[in-house]
Amino acid sequence: MRLLPRRGTRRTLTVVTLAAVTLALPTPVIAASQPAPKPYNARAITMTSTAPNSASAEGVLDGSGATANPGWTAGSSVGPVTVRRVSGVSGPLTAKTAMELSRTATGSGTGGGWALALAPLRSPQTFFVPGKVYRMEAWVRDTRSSGASIGMLLANGNYGSRPADAAVYGRYTDAGWHLITRTFVATAAGKADTSVYLALPASGAFSFQVTGVSVKEYAAALPAKTDTTPEKIVSFAGKAGTAPNAAHWNYETGGNGWGNGEIQTYTKSTDNAALTGAGKLGITARKQTVKGTDGITRDYTSARLTTEGKVTVRAGSYIEAEIIAPVGAGVWPAFWTVGTATRTQGWPAAGELDILEGWGATPTIAHSAMHMAKAGAPKTDLPYGWGEAGGSTDLRESLDARPHRYGVYFDRNVVRFYIDRKPTMTVWAADAISSGRTWPFGGDQFLVLNVAVSSGTPTTPMPRTMTVGDISIHEGGTPF
């Protein structure tokens, strides 16, 4: 599902920083002033994968048509795809050959139409090792300048035998060469028929030239391991039924749809946001007719809280909270961050990280996403989201069955999401930038918690509550 911007009025207030404490303390101590900032890269970033120097580091047998029989194959549901080796290529690489993939058929391709090409890999059963980091890339040009889509992933001709779910796509309205690239973590070994799978347009005529197709083990920046004691803890200690600490949290109020067609009014009432008395915060959506501060009357209420201007998360930090998320059609709980530069840069240019989003009609699925702007177009969102590798995780039990830990690490190189301290989606800055995105995550973020009610008529009985434990912030890496 495409995530839309959440807009609202925010207040900017004095920054309050929380002192480092141990997780065992029931009530964290609050520092009176801001300590001297640490550079977010103070601890060296680790490399989980080191690329071998031998020629066997290249996983593709012939990614440019350098040999007379490169072994590429192709097919389509609406007519044959021609695979032709071309020479005399002039482009960004030293390669002088390329593979041309074309189809003259103009069938509709409806009803599950498809077209693909496969480039064989070298020993994929042993090449891919679960947990190691790899990068796949290719140079492509659309000789028709059509703007049609071409994608790259790893699979066999039936979309199986996949060592990772990562994919990258591009569309080009010129006939120049373009690099498509994606870094990924292998989640399984390959199989004998695992190939580089080039997804071609399902319908219409096309003509692409492809060269420099490569898959290699890659030395990728990932979070360092840091101290187990967090530098900050945002605590929800306090008497049951009372409001969360005003030194940490702002309320965003009103019922203007919030850029998503939401149908609730956000309030400051403790009916919608209150401490549980057991060190947690409850945010509750209710069926309740209220006129918001914006003058709009709606039939549901909830709360949306931010730490903007009060608790800032520095780039190079890991954020984590234990959450029981509500489920049910129409219920949309979220734990997320927004770039502190949003006032000056706007959304999505300042960046957004959706650590947890629940979509109540799919009660076992936890979603993560990240939002950044298109290069040169700061108001155009080019997210990595629910359709990305690791963007949706099936917990195989309802999100409200028990608490889970939801976390994210972000810096100028990488964003990595976690559930119960296991990595889910990982995106690297180099991939985002090469695909025409900006990378705002070298800047600081503030926290947001809310439960929305999605457009339409919810069929879920209300109220529905998201329960949030202390939010821990570790600077310099992850504590595990």
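Residues numbered from 1 in each chain as written. Predicted model: local features only at pLDDT ≥ 70, side-chain atom pairs only at ≥ 80, totals over all residues. Heavy atoms only, no water.

Per an unreviewed UniProt entry, the protein chain goes by the name Beta-glucanase (GH16 family) and belongs to Catenuloplanes nepalensis. Its UniProt record gives the protein chain the following Sequence similarities (unreviewed entry) comment, quoted word for word: "Belongs to the glycosyl hydrolase 16 family." (UniProt positions renumbered as here; feature names shortened; annotations may be inferred.)

A.B. asks: Could you clarify how one ought to interpret unusual backbone geometry in this entry?
C.D. replies: One can expect most non-glycine residues to show negative phi and most peptide bonds to be in trans. In the segment running from Trp347 into Pro348, the intervening peptide bond is cis, with an omega of 10°. A cis amide bond links Met462 with the next residue in sequence, Pro463, at an omega value of 5°. A positive phi angle is found at Ser123, which is not glycine, with a value near 45°. At Ser161, a position not held by glycine, the phi torsion is positive, near 55°. By secondary structure assignment, the location of Ser161 is in the loop between strand E7 (149–155) and strand E8 (167–171). (Helix = DSSP H or I, 4+ residues; strand = E, 2+ residues; numbered from the N terminus.)

A.B. asks: When you look at the sheet that holds E8 in this model, what are you seeing that I'm missing?
C.D. replies: Two pairing modes exist for strands in a sheet, parallel and antiparallel, and in both the strands are linked by backbone hydrogen bonds. With antiparallel pairing, five strands are arranged side by side in an open sheet as E2-E5-E10-E7-E8. The sheet terminates laterally at strand E2 (73–76) and E8, the two strands that pair on one side only. Ignoring which end each strand starts from, the neighbouring axes of this sheet average 20° apart. Where E2 meets strand E5 (residues 115–120), four bridges bridge the pair, whose relative direction is antiparallel. Counted as the bridge partner of Gly75 is Leu116 from E5. (Pairing = 2+ DSSP bridges. Axes fitted to C-alpha atoms, helices over the stretch in contact; angles between N-to-C directions.)

A.B. asks: How should I be thinking about the side chain of Glu252 in this particular structure?
C.D. replies: Summarising the element assignment, Glu252 is placed in the loop between strand E14 (250–251) and strand E15 (264–266). There is a polar contact of 2.4 Å between the side chain of Glu252 and the side chain of Arg304. (Polar contact = N/O pair within 3.5 Å; in protein donor to acceptor, adjacent residues only side chain to side chain.)

A.B. asks: Looking at this structure, how should I read the pairing of strand E32 (residues 464–475)?
C.D. replies: Walk down a regular strand and you will see the side chains alternate between the two sheet faces. As judged from the three bridges shared by strand E13 (residues 232–234) and E32, these two strands associate in the antiparallel manner. Bridged to Lys232 within E32 is Ile473. Taken together, the five bridges between strand E17 (residues 281–291) and E32 define a ladder with antiparallel strand orientation. Of the residues in E32, the one forming a bridge with Thr284 is Thr465. Note: strand E21 (residues 317–324) against E32, seven bridges, orientation antiparallel. Its bridge partner lying in E32, Ile324 is registered against Thr467.

A.B. asks: Help me out: how do you make sense of the confidence of the model for the protein chain in this one?
C.D. replies: Segments scoring low in pLDDT should not have their predicted coordinates read at a detailed level. Overall, the prediction assigns the protein chain a mean pLDDT of 87, with 87% of residues at 70 or greater. The model gives residues 1–56 a pLDDT under 50, and that stretch makes 149 contacts with residues more than four places away or in other chains. (pLDDT = per-residue confidence, 0-100. Contact = heavy atoms within 4.5 Å.)

A.B. asks: I keep staring at the packing of aromatic side chains and nothing clicks. Help me out?
C.D. replies: Within a pair of aromatic rings, the relevant descriptors are the distance that separates the centres and the angle that separates the planes. The tally for this structure, following the rule as stated, stands at 14 aromatic pairs. Considering the side-chain rings of Phe206 and Phe208, the 6.0 Å spacing of their centres and the 40° angle between planes classify their relative orientation as tilted. Accessibility assignment for this pair places Phe206 and Phe208 in one class, buried. Of note, Arg135 hangs over the ring of Tyr218, and the distance from its end group to the ring centre comes to 4.0 Å. Note that Lys287 overlies the ring of Tyr300, its terminal NZ or CZ placed 5.6 Å from the centroid. (Phe/Tyr/Trp six-rings, centres within 6.5 Å; stacked < 30°, edge-to-face > 60°. Buried < 20%, exposed > 50% of the residue type's maximum accessible area, 1.4 Å probe, protein only. Lys NZ or Arg CZ within 6 Å of the ring centre and 35° of its normal.)

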